[in-house]
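Understanding the architecture of this molecule
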Amino acid sequence: MAAPSTRTAADRLREVWAAGDYQRVGVRLLPASEQLVVDLAVRPGDRLLDVGAGTGNTALAAARRDADVVCSDLVPELLELAGRRAELEGLQVATEVADACALPFPDASFDVVVSTFGVVFAADAELAARELLRVLRPGGRLGLTAWRPEAPGGRLLELVARHAPQEAPGEPLRWGTPEGVTGLLGRDEVTAVRFTERTVDLTAPSVAAQWQRYRDWFGPVHVAWERLDQAGRTRLETEFTDLWARCTRGGGGGIVVPNTYLQVTAVRAG
């Protein structure tokens, strides 16, 4: 009899996001990070935690405003890149390997807690939401972003979940609606909640080039592709290219796909 698997949900999540080359995808989301730290009015000396930070887009944006930044993620390889990026820019950013469902920080230890397209992939959404609030001091600011379910980014995540559900971590679409976020954070835990729809354009020389980028670089698509049989690969590629072709704005060369996301800002009650 085969021995039972000891791989945890965190292990599977780490494996998915260590695959591919996420930096090449994530760097294209920099405008969302810059916008969030501006809207949160991040100031010099603010102690800020970036959860599910990936290669550090939002952590670096906050460090450029002279915040005291901790950049945390479950995947050491991504944090290594975040540290290298900070060094190249001459910024001070601390990195910490951390599961969003079990943050290794004391209660109320941060002035600002953020996550851009990161905590949404946590294995347990309710637990991750509680952890975000636990480490944020009363009166501290919270900032989150997630793809809207109907946006290309949200539909891509649904596509992966349909073709390879075992490679579709977390409940990212739940974080992409006001109702979902309210249910996760609770109505009494936060005040001054603001939901804003924003858009970031994702570009590529062609639909085929965009498919190759996501297949090679974006962890969930890359791992799904590796594990599907040939028929499954064909279906995944066909549906991906159809989606991107339908969503691109016309005119000019290449493709420009507007991707709408939900930005959430709030203040910790208490």
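Computed from a predicted model, the values in this text were never measured in an experiment.

A few words now on the environment of Ala 82. For Ala 82, the position within the fold is in helix H5 (residues 76-89). Residue classification places Ala 82 among the buried positions, given a relative accessible area of 2%.

Packing of helix H1 (residues 9-18) against helix H10 (residues 219-227) leaves a shortest axis separation of 7 Å and a crossing angle of 95 degrees. Relative to H10, the element H1 is oriented roughly perpendicular. Here H1 contributes Glu 15, Val 16 and Trp 17 to the contact with H10, which in turn contributes Gly 219, Pro 220, Val 223 and Arg 227. Residues of the contact of H1 with H10, tallied by class, amount to four nonpolar, one polar and two charged.

Turning to the packing of helix H7 (residues 152-163) against helix H11 (residues 230-247), a few remarks are in order. Put simply, H7 and H11 touch, their axes get as near as 11 Å, and they point 165 degrees apart. Between H7 and H11, the interaxial angle falls into the category roughly antiparallel. For the pair H7 and H11, the sense of crossing is right-handed. Along its contact with H7, which presents Pro 152, Arg 155, Leu 156, Leu 159, Arg 162 and His 163, the element H11 presents Gly 232, Arg 235, Leu 236, Glu 239, Phe 240, Leu 243, Trp 244, Arg 246 and Cys 247.

Turning our eyes to something else, we now look at the confidence of the model for the chain. For the chain, the mean per-residue pLDDT works out to 94, and 97% of the residues sit at or above 70. Per-residue pLDDT stays below 50 along residues 1-5; that stretch engages in zero contacts with residues further than four places along the chain or on separate chains.

Counting buried residues along strand E4 (residues 110-116), seven of its seven residues qualify, which places the element largely inside the surrounding structure. Sheet topology note: the strand E1 (residues 47-50)/E4 ladder contains three bridges and is parallel. Within the sheet, the bridge partner assigned to Leu 48 lies in E4 and is Val 112. By the bridge criterion, six bridges tie E4 to strand E5 (residues 136-147) in an arrangement that is parallel. Looking at E5, one finds that Val 113 is bridged to Leu 142. In this region the chain leaves E4, passes through helix H6 (residues 125-134) and returns to the parallel neighbour E5; the handedness of that crossover is right-handed.

Rules and cut-offs
- Residues numbered from 1 in each chain as written.
- Predicted model: local features only at pLDDT ≥ 70, side-chain atom pairs only at ≥ 80, totals over all residues.
- Heavy atoms only, no water.
- Helix = DSSP H or I, 4+ residues; strand = E, 2+ residues; numbered from the N terminus.
- Buried < 20%, exposed > 50% of the residue type's maximum accessible area, 1.4 Å probe, protein only.
- Axes fitted to C-alpha atoms, helices over the stretch in contact; angles between N-to-C directions.
- Parallel < 35°, antiparallel > 145°, perpendicular 65-115°, else oblique.
- Contact = heavy atoms within 4.5 Å.
- Nonpolar A, V, L, I, M, F, W, Y, C, P; charged D, E, K, R; others polar.
- Left-handed = near helix turned anticlockwise from the far one by under 90°.
- pLDDT = per-residue confidence, 0-100.
- Pairing = 2+ DSSP bridges.
- Right-handed = clockwise from strand over helix to strand, strands pointing away.

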